[in-house]
Amino acid sequence: MGIKVKLSDYIAEFIAKKGINSVFAISGGASLHLIHSIDDNDSLKLICTHHEQAAAMAADGYSRESGNFGVAISTSGPGATNLITGICCSFYDSVPLLLITGQVSTFRMSGKTGTRQIGFQETPITKLTKEITKYSITINKPEMIKYELEKAVFLAKCGRPGPVLIDIPDNLQRMYIDKTSLKGF
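Analysis parameters
- Residues numbered from 1 in each chain as written.
- Predicted model: local features only at pLDDT ≥ 70, side-chain atom pairs only at ≥ 80, totals over all residues.
- Heavy atoms only, no water.
- Helix = DSSP H or I, 4+ residues; strand = E, 2+ residues; numbered from the N terminus.
- Pairing = 2+ DSSP bridges.
- Axes fitted to C-alpha atoms, helices over the stretch in contact; angles between N-to-C directions.
- Contact = heavy atoms within 4.5 Å.
- 1 Å grid on protein atoms, 1.4 Å probe; cavity = no way out; pocket = protein on both sides within 12 Å on 5 of 7 lines; lining within 4 Å.
- Points joined across faces, edges and corners; volume = space filled by probe spheres on them.
- Disulfide = S-S within 2.5 Å.

Visitor: Would you mind showing me how to read the environment of N171 here?
Guide: With respect to the helices and strands, N171 occurs in helix α8 (residues 170-173). C-alpha of N171 to C-alpha of G184: the two residues are 13 residues apart in sequence and 22 Å apart in space.

In structure tokens form, the structure reads like this:
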């Protein structure tokens, strides 16, 4: 039996272990577990900006000043799309960022149904950001989290640095995972 931890707590712990001490965010329904886990982590300071664009730009400034990568979090839908101007800034200036967006629960995703959306404010943010990030992915299985976080941070910092985006459905954020059985990048 391994060590069980809530997936959003694992993310907060991962960020803190990478030497990040401030995370910029706007809370929303699809990102609440992420926000709570960041705020509950004693090594991290949650800085709530007034707009998601400001969160992305603050994370960009943090990255430039610290020499590490910056982190911004937003909810799904328009909250996620509001990050795009800041993402462009980091992409064109080669600034490493980790952007994490909440997404509707996997059982509310339209997938290949042919409908525009099923879940409230379901937005295909990874498709929208493919051309302005070095890497953009939606997590669809909780056991992917370690691999995808490690891969994203590696890609954000290697070669020509830039932003990466991980989209995490709400129901996965609250799941408990076995930390000892996760596969790395």
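Visitor: Just to check I follow, could you spell out the sheet that holds strand β6 (residues 135-138) for this structure?
Guide: Adjacent strands of a sheet form backbone hydrogen bonds with each other and so pair up, either parallel or antiparallel. One open sheet holds the six strands; their spatial order is β3-β2-β4-β5-β7-β6, and the pairing between them is parallel. Two strands close off the open sheet at either side, each with one partner strand: β3 (45-48) and β6. Looking at each pair of strands side by side, their axes are set apart by 20° on average, direction ignored. Bridge count between β6 and strand β7 (residues 163-169): four bridges; the pairing is parallel. Note on β7: the bridge partner recorded for Y135 is V164. Against the sheet, helix α3 (residues 52-66) engages β2 (22-25), β4 (70-74) and β5 (97-103), with an angle of about 170° to β4.

Visitor: Explanation requested: the layout of surface pockets in the structure shown.
Guide: The method is simple in principle: a probe with the dimensions of a water molecule rolls over the atoms, and the space it marks as empty is what remains. Reported here for the second largest pocket is a volume of approximately 160 Å³. Together, Y10, E13, F14, K17, K18, K146, E150 and K179 line the second largest pocket. Looking at the lining of the second largest pocket, the elements with two or more residues in it are α1 (7-17) and α7 (145-157). Looking at the lining of the second largest pocket, the element that brings in the most residues is α1, giving four residues.

Visitor: What should I look at first to understand the state of the cysteines in this one?
Guide: Working definition: the covalent bond between the sulfur atoms of two cysteines is a disulfide. For the structure shown, the criterion picks out zero disulfides. With no disulfide of its own, C89 lies closest to C88 among cysteine sulfurs, the gap being 8.8 Å.

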